[in-house]
Amino acid sequence: MSAGVYSEAGLFVCFEGGEGAGKSTQSRLLRDWLVERGETVLLTFEPGDTPVGKELRRIVLDPATGHLSDRTEALLYAADKAEHVDHVVLPALARDEVVITDRYVDSTLAYQGAGRTLDVAEVEAVARWATGDLRPHLTVVLDLEPETGLGRFEERDRIEGQSLEFHQRVRQGFLDLAAADPDHYVVLDARAPIDEIASAVRVRIEPMLEGR
Ligand code: Z5A
């Protein structure tokens, strides 16, 4: 596997973590802070932030879909990523914007790889191919025990309804990815108060904005 492609234009930031870890909350807070500083920001998410992705999201998350082959699920998420990178992420980076994505490739490595126990190297090969191996300049992993994260919601989708062991493997999957590449990751305790987490994210991002 290559060392990845990092865009020379723009800034690409990703939030990852299990259910209810606060990714959407922190993505929005970071977007608001960056906009106040005068940055042009695109806030996006996976799966589903393109017209085709919206259809794919419905299929992979609707409990009515029923059982999917693990490989089918991995391929559907990969297709969503290809649409997302080509039609949303790369054009914004080319305009020198800050792109914040709520989930990206690490989610498939953690959920379809570590969680479903597909071969992680094979899942990674497909996901990297789908995204042209484009990597975030920084990934923020919001780390939370699954019991707490799942408890923040009342309803469960196809994936949230998986066993606790599944979600524990997912959590460990994210931590392993972060440990392997500390230059491009920060892991934050998602049990902390929302404003404390937001402040820790800003501390890590601020130096990356200098010289832009
Ligand atoms: N998936 C996959 O399998 N493979 C892939 O490649 C990709 C995704 C890209 C996407 O679901 C599902 O797809 C997801 C992984 C899988 N699986 N599941 N299940 P989604 O997009 O609908 O949902 P999500 O990404 O998991 O996000 P979320 O569950 O909606 O949660 P969140 O964005 O991390 O949390 P939040 O919405 O910001 O906060 C949740 C609640 O907690 C809310 O009431 C907040 O006010 C509260 N909150 C937030 N932060 C805190 C703190 N610090 N303390 C206390 N309360 C807090």
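No experiment lies behind these values; they were computed from the predicted model shown.

**Some words on the packing of helix α3 (residues 70-94) against helix α4 (residues 105-115)**
Moving on, step 1. Taken N-terminus to C-terminus, the directions of α3 and α4 make an angle of 175 degrees; their axes are 11 Å apart at the nearest point. Between α3 and α4, the crossing angle belongs to the class labelled roughly antiparallel. Only V105, T108 and Q112 of α4 make contact with α3, whose side of the interface consists of E73, A74, Y77 and K81.

**Observations regarding α4**
In an α-helix there are 3.6 residues to a turn, and that puts residues three or four apart on one side.
Moving on, step 1. Of all 11 residues in α4, 11 are buried, a share of seventy percent or more.
Moving on, step 2. Where α4 is concerned, the buried positions are V105, D106, S107, T108, L109, A110, Y111, Q112, G113, A114 and G115.
Moving on, step 3. Among the structural elements, β1 (11-17), α3, α5 (120-130), β4 (138-143), α7 (164-180) and β5 (185-189) are those in contact with the buried residues of α4.
Moving on, step 4. Note on α4: the residue one or two positions beyond its end, T117, has a positive phi of about 65 degrees.

**Remarks on the sheet that holds strand β2 (residues 41-45)**
Moving on, step 1. The sheet built from five strands is open, its strands ordered β2-β3-β1-β4-β5 with parallel pairing. Across the chains shown, the open sheet's two edge strands, defined by having one partner strand only, are β2 and β5. Direction aside, neighbouring strands of the sheet carry axes that sit 20 degrees apart on average.
Moving on, step 2. Pairing analysis gives five bridges linking β1 to β4, with the strands arranged parallel.

**Section: the UniProt feature "domain: Thymidylate kinase-like" (unreviewed entry) in the chain**
Moving on, step 1. The residues that UniProt annotates with the feature "domain: Thymidylate kinase-like" (unreviewed entry) are residues 15-199.
Moving on, step 2. This span, residues 15-199, is 55% helix and 13% strand, and a straight line between its end C-alpha atoms measures 15 Å.

**Here we look at the environment of K54**
Moving on, step 1. As for its position among the elements, K54 is in helix α2 (residues 51-61).
Moving on, step 2. For K54, a relative accessible area of 59% translates into the label exposed.

Rules used in this analysis
Residues numbered from 1 in each chain as written. Predicted model: local features only at pLDDT ≥ 70, side-chain atom pairs only at ≥ 80, totals over all residues. Heavy atoms only, no water. Axes fitted to C-alpha atoms, helices over the stretch in contact; angles between N-to-C directions. Helix = DSSP H or I, 4+ residues; strand = E, 2+ residues; numbered from the N terminus. Parallel < 35°, antiparallel > 145°, perpendicular 65-115°, else oblique. Contact = heavy atoms within 4.5 Å. Buried < 20%, exposed > 50% of the residue type's maximum accessible area, 1.4 Å probe, protein only. Pairing = 2+ DSSP bridges. UniProt positions renumbered as here; feature names shortened; annotations may be inferred.

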